[in-house]
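Structural features, examined
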Amino acid sequence: MLRLVWTWTDRPSHTTFRTVHTKLIMRCRAELFCVPLWLLLVTADSKKQPNRLRRWTGAADSHKHGAPLSKKTQDLTKTRKLKTEQLLRVDDHDFTMRPAFAGPAIPVGVDVQVESLDSISEVDMDFTMTLYLRHYWKDERLSFPSTTNKSMTFDGRLVKKIWVPDVFFVHSKRSFIHDTTTDNIMLRVFPDGHVLYSLRVTVTAMCNMDFSRFPLDSQTCSLELESYAYTDEDLMLYWKNGDESLKTDERISLSQFLIQKFHTTSRLAFYSSTGWYNRLYINFTLRRHIFFFLLQTYFPATLMVMLSWVSFWIDRRAVPARVSLGITTVLTMSTIITGVNASMPRVSYIKAVDIYLWVSFVFVFLSVLEYAAVNYLTTVQERRERKLREKQLPCTCGMSHARTMMLDGTYSEADANSLAGYTRTQVLPDEPEKQERMVVHLSMSSESTATKKKGLKSYKGFKIIKNTHAIDKYSRMIFPGAYIFFNLIYWSVYC
């Protein structure tokens, strides 16, 4: 007879109970009395651990005993994708074809909100704009039943599964959809099938500019939208709310331009190979700020012209001063013209700033030519006076003609005037060479007054040539007057 001694030190765990149960069966498989003993153990354990046995038997056993079960809420996020696809019936239709295929043209409304006008480039003749582009159309294939009549909003992942208008920017150089932190695309579907498709785009487009009045010009640029594949028989683009379809941020500003007006237009565009297309235009007018160019171009050019007039008040004998001043102003004007043209496109017509700069350059260049004329006429005058004095000189007491010419060329009229007070008695007789020189000087000084009087009478028609200071005197009035008259005409025409 096998005796079993069981000591209950603590409530046995489920694992311990199963282990003892297994060993007991293996050892007592041949003994009949082990079966009642095993039943006794099971009954004793069930009395001590009623809750544990209830967990073993499962929820069905508890339900039989009348224990209530708490209802768990379903996790809707796990089945959201399946419900959305079933609700919109994305897989039940072919969205590669437009809505109402083979029927009338589908109307697609457009509205735009301009976020920023980033830059205007005169050299590249383009502009960069960031905007929110929204499309409105109806696709009955996306309609769904709803008791609250609320729309559903999705991001860009659903856009790849349905049909959207293929609108592109005509004459666009570069464009992209913002993707930070995700693609800036929004899709909103209403129960009746109406769809709102919005995206944030930055586009750089061409702008044909006219610089004939630069920098006193106004430029009109346009951003053009058009369907790429669908003609006006399949898709009809239109501004959803007319002129109210275009909205701009009040904080938009540019450094060189003043934004005067934004407006919308639309018309048909024809391509010989494909047909007619609806095209929408976003037009905006810009007026250039003139103050920057006044400081950088007009004022420096005007100051250089005025600086060139200073030479009219400098003595004609100061050749280095007048020549260096004229050359400096000419080179400075050349630098200003080169700097302005470097920041402009190479157009084949004359701009307004070119007219001003080149006229200013001509005034500066004429001031240099004026001194060249003064210097030349002074030289001609001196030669004529020299010839006139040679004819009126008395006999020089046996002096040769060659000697007379040498002496006459050696001494100037100023030197002769300085010796006008000398007499023959002051010359020593033992110095014949000095005496000859002094005779010449005295004869020149005695005849200087008569020569001037006769010269004025014989050259009345060449008074300007006789008095070379008259050219500078007239230039002091003619040059400023002509330049002021030019400025009055220039600013009245271009302003």
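Here, the structure is the one placed above.
The sections below set out a description of the structure shown in this document. All values derive from a computational prediction rather than experimental measurement.

The next thing to look at is the overall build of the protein chain. When its secondary structure is counted, the protein chain shows 13 helices and 12 strands. Within the protein chain, counting contacts between residues at least 6 apart in sequence, those at least 24 apart form 76% of the total. By element, 58% of the accessible surface of the protein chain is carried by carbon and sulfur atoms, the whole surface being about 31200 Å².

This part covers unusual backbone geometry. Omega for the bond connecting Thr180 with Thr181 falls within 30 degrees of zero, at 0 degrees, which places this linkage in the cis form. Cis geometry is adopted by the peptide bond preceding Pro215, which originates at Phe214 and carries an omega value of 0 degrees. As for its placement among the helices and strands, Pro215 is situated in the loop between β7 (194-206) and β8 (218-227). Phi at Ala100 is positive, roughly 55 degrees, even though this residue is not glycine. Looking at the secondary structure, you find Ala100 in the loop between α5 (76-88) and β1 (106-121). Backbone geometry places Ala102, a non-glycine residue, at a positive phi of 70 degrees. Mapped onto the secondary structure, Ala102 falls in the loop between α5 and β1. The class for Ala102 is exposed, based on a relative accessible area of 72%.

Spatial ordering of the open sheet is given by β4-β8-β12-β11, a layout of four strands whose pairing is antiparallel. Bordering the open sheet on either side are β4 (167-170) and β11 (257-271), each of which pairs with just one other strand. Neighbour-to-neighbour, the strand axes of this sheet turn through a mean angle of 25 degrees, independent of strand direction. As paired elements, β11 and strand β12 (residues 275-288) share 14 bridges and run antiparallel to each other. Within β12, the position partnered with Tyr271 by the bridge is Gly275.

A few words now on the environment of Ala269. Mapped onto the elements, Ala269 comes out in strand β11. According to the relative accessible area criterion, Ala269 is buried, its value standing at 8%. Linking Ala269 and Glu226, residues 43 residues apart in sequence, is a C-alpha distance of 8.9 Å. Here Ala269 is in contact with Glu226, Gly275, Trp276, Tyr277 and Arg279, once residues within four sequence places are set aside.

As a further point, take the nonpolar core. Ranked by internal contacts, the top residues of the largest apolar core, which has 79 residues, are Val112, Phe127, Leu187 and Leu223. Ignoring anything within four residues of it in the chain, the contact list for Phe127 reads Leu117, Ser119, Ile120, Val203, Thr204, Ala205, Met206, Cys207, Cys221, Ser222, Leu223 and Phe284.

Another point: the packing of helix α7 (residues 319-342) against helix α8 (residues 352-392). In contact at an axis separation of 9 Å, α7 and α8 are set at 165 degrees when each is read in the N-to-C sense. Relative to α8, the element α7 lies roughly antiparallel. For the element pair α7 and α8, the recorded crossing hand is left-handed. Among the residues making up the contact of α7 with α8, the classes are represented as 16 nonpolar, five polar and three charged.

On the surface, a cluster of positive charge is made up of Arg383, Arg384, Arg386, Lys387 and Lys391. The residue Lys391 is located in helix α8 in this model. On the basis of relative accessible area, Lys391 is assigned to the exposed category, the value being 72%.

As a further point, take the pattern of salt bridges. On inspection of all chains with the given rule, the structure shows 15 salt bridges. Between Asp315 and Arg317 there is a salt bridge; the shortest N-O distance is 3.7 Å. In this structure Asp315 comes out as partly exposed when scored by relative accessible area, which is 35%. Of the charged contacts in the structure, one is a salt bridge between Asp472 and Arg322, with a shortest N-O distance of 3.0 Å.

Further remarks concern α7. With 24 residues, α7 should cover 34 Å at 1.5 Å per step; its first-to-last C-alpha distance of 35 Å lies within 8% of that length. Taken as a whole, α7 has its buried residues at Arg322, Leu325, Gly326, Thr329, Val330, Met333, Ile336, Ile337 and Val340.

Bringing the packing of helix α6 (residues 291-308) against α8 into the picture now. For the pair α6 and α8, interaxial distance at closest approach is 9 Å and the crossing angle is 15 degrees. Comparing the axis directions of α6 and α8 gives the class roughly parallel. The crossing of α6 and α8 is left-handed. Residues Thr297, Tyr298, Ala301, Thr302, Met304, Val305 and Ser308 of α6 form the contact with α8, whose own contacting residues are Val353, Tyr356, Leu357, Ser360, Phe363, Val364 and Ser367. In terms of residue class, the contact of α6 with α8 is built from nine nonpolar, five polar and no charged.

Rules behind the numbers
- Residues numbered from 1 in each chain as written.
- Predicted model: local features only at pLDDT ≥ 70, side-chain atom pairs only at ≥ 80, totals over all residues.
- Heavy atoms only, no water.
- Helix = DSSP H or I, 4+ residues; strand = E, 2+ residues; numbered from the N terminus.
- Contact = heavy atoms within 4.5 Å.
- Areas by Shrake-Rupley, 256 points an atom, 1.4 Å probe, with all protein chains shown as cover.
- Buried < 20%, exposed > 50% of the residue type's maximum accessible area, 1.4 Å probe, protein only.
- Pairing = 2+ DSSP bridges.
- Axes fitted to C-alpha atoms, helices over the stretch in contact; angles between N-to-C directions.
- Core = buried A, V, L, I, M, F, W, Y, C linked by side-chain atoms within 4.5 Å.
- Parallel < 35°, antiparallel > 145°, perpendicular 65-115°, else oblique.
- Left-handed = near helix turned anticlockwise from the far one by under 90°.
- Nonpolar A, V, L, I, M, F, W, Y, C, P; charged D, E, K, R; others polar.
- Patch = residues over 30% accessible without salt bridge, like charges linked within 9 Å, V, L, I, M, F, W, Y side chains within 5 Å.
- Salt bridge = Lys/Arg side-chain N within 4 Å of Asp/Glu carboxyl O.
- Lys, Arg positive; Asp, Glu negative; His and termini not counted.
- Charge placed at Lys NZ, Arg CZ, Asp CG, Glu CD.
- Expected span 1.5 Å × (residues − 1).

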